[in-house]
Amino acid sequence: MVKFLFIKLPLIAWLLVLGSGNTVAKEQESKNKVVEKNALEEITVTARRRSENLQDSPVSVTALSEDFIEQTRSRTFDDFAASVPGMSFVGNSSPENIIVVRGVSTGVMSRDEGSVVGLYIGDVPVNSNRYNPDLRLYDMERIEVLRGPQGTLFGEGSIGGTLRLVPNKPNLMAKEISIEGALSNTNLGANNYEAAGVVNLPIVEGELALRVVGYKVKDSGFVDNIKLGQNNVGENNTVGGRISLAYAPSEYVLVTVWVLHQDSDADGRAQFDPGLGELKQSREYPEKLNDEFTLANVTVGWDFGAYALESSTAYFDREVVNFRDITPLVSSPLWLDDLKTFESFIQEIRLSSNVGLFNNRLDWQVGMFYSKGEEFYRQDAVAESFAGGGDLLDSDNDLDRQQLAFFGEFDWKISDKLTFTTGLRWFDMEKDGLSIDGGALSGVSAGQPKKVAVTNFAEDGFIPKFRVSYEPSKDLLLFAVASRGFREGGPTGTGVPPDPNTGASPPTQFDADGVRNYELGFKSSWLDNRLIFNGTAYYIDFEDIQTSFLRSDGHTFTINADRAESIGLELELRSILGDGLELFVSASHVDSTLTGDQKAPGDGKSGDRIPGVPEVTFSAGLSYTRPVFDSMTGFANLNFQHVGDSYNGFSSATGTRGRIPADKQPAYQIGNLSLGIETSSGMQVSAFLENILDERAVLFFNRFVGDVRINTIRPRTAGISFKKTF
């Protein structure tokens, strides 16, 4: 049935599109707003924590609109990453993907070091040092990707950039109801489905509104485990939703409350062993993965005329359960059970000007940020064939974190065209840890007491930023930025025994690292805003890089490399090519390499490329709409993504301790196509084809436990989708 519908739908749609006469098209041209566009859509962003037009913001930011998200069927991070210049990721399988911006990366795995890219849902930071939540992108207003250090306004961890997922807010004025779904089939896999719905109800028009979003998704697996006789390993089932309430007791006050929850279950990892044939693996145990999180946020905004005050209070709770087969590590059946829990409270208060001081020459904003959280990480390694079975590793780790920060940013309008900006953030953070480790893999023999370690790490400092922007005309904006980014150090190596090969003890802590970023950028509009062309060139000096080191016995800890630099160029173009035809292009080139030898026990050498960072990424897309009948519009979307090659280690592959040179992860290309029709009554039906070329991209060449495991993308997937708006 799926294949029949997939063949039949585009034939019907495009017979209608191509067969409709010019007379019908002309009669509908003035009526059909979907097709008629005299200028590109203006996108509002809050990259500087205030609403402004994307083209008026002197910041290297890409904004993906709700329309773009829907047109490209972007449902997860993997779907849109290559559409953002300068952004890439190390594909360790969600939620272990490592997000990279501008080549600022810690390598292909993460242990104790924090994220290099700040991840926000709304105004709430949710990134962690290992597992980034992969929120399904339903009912999203936009996605913002801020490139370069964002430490002044977004804090510690945003040394490469900041990724913001901005959900739609309740609409106080209008009722909205929509349902959507999709059914598809993956080559060498099975059927997939998704269903979602949105209801927005103004309970008291203009004053109180409720918005409810729900979704359920099944993505089939496509790798066969020949050892256990399991087909289509990697099936993922996700259910989630969001409830939000907006209350405006007056035109000067807005209170927004929302709660988001998502639960994802995977029955294995979509990794294949290249020596076993196409999309085959051999595992002794199912590698199940569960990721469940809840995020609650209360935002209160007051408009006092000359200035505005906003308070954001949030609570985040998350649990990740991760089973891994690490049999090759000891040449005997062995599985690793990881449990990680997160719990945090976040409070931020911002005060900003609506009317600048000194005759509107000085715009300003100041704020306070506070967070307090607890992380618990447990690892159990169980080998049934060892004497008596039981745990070879029994490790419990608690980490309490606390941070207080004050920040400010000031825009001084020297003239109507020239603005100077300075920003500063002061932070004070502390980590208190307790680890209890037992088992032979921790160097604790049977009958011996477990090892106990208590750690404390504290850090404080300042993060500055400077920017000059010049607007010679309303269609051209030039800017130059000098900024810094900082990432805290911390304890590491607790419970890790001496190296069995060298006898060297692991480090007990790693130092803070940081970046210095310098960039020149421009934003330009042409042909009465029918063409937009933006670009940025940058240089980044990355000091004391934190990287995870994986020993040959499977133990990991965090060390500091020497220095690295990233030199790059980012370009974006959007254009209306003709009636109903739009083009978007993004491209980036980055040269990200070590400029000094990695400190022992690392083996990186000066000149080595930073692992997991492609030099070139390119994305292009065409969107076409055309009226076909009195109340019907046909549309087509085609997009193409190219991701350049990268490596899975510095001089040697991560985890091989110099025995195997770093593997090159080849460049790959992905093409996607959708065709459909939309009626004036709010019904939309389309057919789609994803990964048109059926590419077997090597997202990550994994040698962590002694064998070879390749993470790849979903094979060619064909399907149909519908959406009805009431």
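Anyway, here's the lowdown on the structure attached to this text. Treat the numbers as computed from the prediction; the structure is a model and nothing was measured.

1. Regarding the sheet that holds strand β14 (residues 230-233)
Step number 1: On the basis of which strands lie adjacent, the open sheet formed by three strands has the order β14-β13-β18 and mixed pairing. Every other strand in the sheet has two partners, leaving β14 and β18 (280-281) as the edge strands with one partner each.
Step number 2: By the bridge criterion, two bridges tie strand β13 (residues 223-225) to β18 in an arrangement that is parallel. Within the sheet, the bridge partner assigned to Asp-224 lies in β18 and is Lys-280.

2. Describing the pattern of salt bridges
Step number 1: What the rule picks out here adds up to 55 salt bridges.
Step number 2: The partner of Arg-164 in a salt bridge is Asp-123, and the shortest N-O contact between them spans 2.9 Å. Here Arg-164 is found in strand β9 (residues 161-167), whereas its partner Asp-123 is found in the loop between β6 (117-121) and β7 (124-125), with 41 residues between them in sequence.
Step number 3: Taking the relative accessible area as the measure of exposure, Arg-164 reaches 3% and is therefore buried.
Step number 4: The partner of Arg-136 in a salt bridge is Asp-219, with the nearest N and O atoms 2.8 Å apart. Placement of the pair is Arg-136 in the loop between β7 and β8 (140-147) and Asp-219 in strand β12 (residues 208-219), with a sequence separation of 83 residues. Comparing Arg-136 with Asp-219, the two get one shared label, buried.
Step number 5: Through salt bridges with shared partners, one network takes in Arg-49, Asp-123, Glu-141, Arg-142, Glu-144, Arg-164, Lys-169, Glu-310, Glu-348 and Arg-350.

3. Observations regarding the nonpolar core
Among soluble globular proteins, nonpolar side chains are generally buried collectively.
Step number 1: By size, the foremost hydrophobic cluster in this structure holds 94 residues, and its most contacted members are Phe-80, Met-87, Ile-143 and Leu-163.
Step number 2: Aside from chain neighbours lying at most four places away, what touches Leu-163 is Phe-77, Phe-80, Ile-99, Val-117, Gly-118, Leu-119, Tyr-120, Ile-143, Glu-144 and Val-145.
Step number 3: Counting residues in each nonpolar core, the second largest holds nine residues, with Val-223, Ala-270, Phe-272 and Val-698 among its members.

4. A look at a nonpolar patch on the surface
Step number 1: A contiguous nonpolar surface patch, about 630 Å² in accessible area, is contributed by Val-199, Leu-201, Ile-203, Val-204, Val-212, Ile-243, Leu-245, Val-257 and Val-298.
Step number 2: A total of four residues in the nonpolar patch trace back to one element, the largest contributor, which is strand β11 (residues 191-204).
Step number 3: Among the structural elements, Ile-203 can be located in strand β11.
Step number 4: Relative accessible area serves as the criterion here: at 51%, Ile-203 is assigned to the exposed category.

5. Some points on the packing of aromatic side chains
Step number 1: Counted by the stated rule, this structure contains 17 aromatic pairs.
Step number 2: Note on Phe-549 and Phe-557: the rings are 5.6 Å apart at their centroids and 40 degrees apart in plane angle, and the pair reads as tilted.
Step number 3: What makes Phe-557 buried here is its relative accessible area of 2%.
Step number 4: Centre to centre, the rings of Phe-700 and Phe-704 are 5.4 Å apart; their planes meet at 65 degrees, and the pair counts as edge-to-face. The same class applies to Phe-700 and to Phe-704, which are both buried.
Step number 5: Connected via pairs of aromatic rings, a cluster forms that spans Phe-77, Phe-80 and Phe-89.
Step number 6: Note that Arg-73 overlies the ring of Phe-688, its terminal NZ or CZ placed 3.9 Å from the centroid.
Step number 7: A cation over a ring is seen here: Lys-340 above Tyr-377, with NZ or CZ 5.3 Å from the ring centre.

6. Description of the pairing of strand β43 (residues 717-725)
Both faces of the sheet carry side chains from a regular strand, because those side chains alternate between them.
Step number 1: Bridge count for strand β10 (residues 176-186) against β43 is nine bridges, and the pairing is antiparallel. Bridge pairing links Thr-186 to Thr-717 in β43.
Step number 2: In this structure, strand β40 (residues 683-690) lies alongside β43, joined through eight bridges in antiparallel fashion. Counterpart to Met-683 in the pairing with β43 is Lys-724.

Reading the values: the criteria
- Residues numbered from 1 in each chain as written.
- Predicted model: local features only at pLDDT ≥ 70, side-chain atom pairs only at ≥ 80, totals over all residues.
- Heavy atoms only, no water.
- Pairing = 2+ DSSP bridges.
- Helix = DSSP H or I, 4+ residues; strand = E, 2+ residues; numbered from the N terminus.
- Salt bridge = Lys/Arg side-chain N within 4 Å of Asp/Glu carboxyl O.
- Buried < 20%, exposed > 50% of the residue type's maximum accessible area, 1.4 Å probe, protein only.
- Core = buried A, V, L, I, M, F, W, Y, C linked by side-chain atoms within 4.5 Å.
- Contact = heavy atoms within 4.5 Å.
- Patch = residues over 30% accessible without salt bridge, like charges linked within 9 Å, V, L, I, M, F, W, Y side chains within 5 Å.
- Areas by Shrake-Rupley, 256 points an atom, 1.4 Å probe, with all protein chains shown as cover.
- Phe/Tyr/Trp six-rings, centres within 6.5 Å; stacked < 30°, edge-to-face > 60°.
- Lys NZ or Arg CZ within 6 Å of the ring centre and 35° of its normal.

Geometric values such as these leave the question of function open.
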